[in-house]
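Residues per chain, in single letters:
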Amino acid sequence: VQLQASGGGLVQAGGSLRLSCSASGRPFRDYDMAWFRQAPGKDREFAAGVRWNGRATLYVDSVKGRFTISRDNAKNMVYLQMNSLKPDGTAVYYCATRPRIEYSSLAVASSYSYWGQGTLVTVSS
């Protein structure tokens, strides 16, 4: 599976961005998807995830109510709509995917088999 993330950029605090991730190589509909992020000098952390069928999502507490993850299985795309961005949202954002795993948390980075190259989001204060 190949993943290509896009949509990053520079935005002022309070602004919005939408990240996109395209997938190719395997039946996308059978894969869980997630976004992770890595801020400067920090470890990579889970941001948001969505089950293979789109019926369940998970968010880290710090983005709940501001970020929305969605997927379009017909287009092999996953999106992360980010609203009310804060300076601590500055990070490289990575999309990741894994063959669907029932009853397994979406937030575990080691469970993901494939990663995109990352897209940089910079939030200015």
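Let us look at the structure shown here. The model shown is predicted, which means the values in this text are computed figures rather than measured ones. (Residues numbered from 1 in each chain as written. Predicted model: local features only at pLDDT ≥ 70, side-chain atom pairs only at ≥ 80, totals over all residues. Heavy atoms only, no water.)

### Describing the overall build of the chain
Inclusion rule: Strands are runs of DSSP state E lasting at least two residues, helices are runs of H or I lasting at least four, and both sets are numbered from the N terminus onward. We compute the radius of gyration over the C-alpha atoms and compare it with the globule rule, which gives 2.2 Å times the number of residues raised to the power 0.38. Partly exposed residues are those whose accessible area sits between 20% and 50% of the maximum for their type, while under 20% is buried and over 50% is exposed, using a 1.4 Å probe and protein chains only. The Shrake-Rupley method, run with a 1.4 Å probe sphere, supplies the accessible areas, and residue values consider only the shown protein chains as cover. Charge counting treats Lys and Arg as positive and Asp and Glu as negative, with His and both chain ends excluded. Where a charge lies is defined by one atom per residue type, namely NZ (Lys), CZ (Arg), CG (Asp) and CD (Glu).
When helices and strands are tallied, the chain shows 0 helices and 11 strands. Its helices and strands in sequence order give the chain the pattern β-β-β-β-β-β-β-β-β-β-β, from N to C terminus. At 13 Å, the chain has a C-alpha radius of gyration in line with the 14 Å of a compact globule built from 125 residues. Dimensions of the chain along its principal axes, counting C-alpha atoms only, are 40 × 25 × 25 Å. Evaluated residue by residue, the chain yields a buried proportion of 44% over its 125 residues. Only carbon and sulfur atoms are counted for the fraction: they give 48% of the accessible area of the chain, which is about 6,400 Å². Distance between charge centres in the chain, computed from 15 positive and 8 negative side chains, equals 4 Å.

### A short note on the pairing of strand β3 (residues 17-24)
To keep it simple, the criterion reads: Two strands are said to pair when DSSP picks up at least two bridges between them.
As paired strands, strand β1 (residues 2-6) and β3 are joined by 5 bridges and run antiparallel to one another. Residue pairing in the sheet places Q4 in a bridge with S22 of β3. Sheet topology places β3 next to strand β8 (residues 77-82); 6 bridges connect them, and they run antiparallel. Counted as the bridge partner of L17 is M82 from β8.

### What to know about the side chain of S111
Rules: For this analysis, a polar contact is any N or O atom pair within 3.5 Å, provided that within protein one partner can donate a hydrogen and the other can accept it, and provided that sequence-adjacent residues contribute only side-chain to side-chain pairs. We call two residues in contact whenever any of their non-hydrogen atoms come within 4.5 Å of each other.
Structurally, the position occupied by S111 is in the loop between β9 (91-99) and β10 (114-115). Within the local environment of S111, its side chain forms a polar contact with the backbone oxygen of V108, the two atoms lying 2.7 Å apart. Discounting chain neighbours no more than four positions away, the residues touching S111 are R98, I101 and S105.

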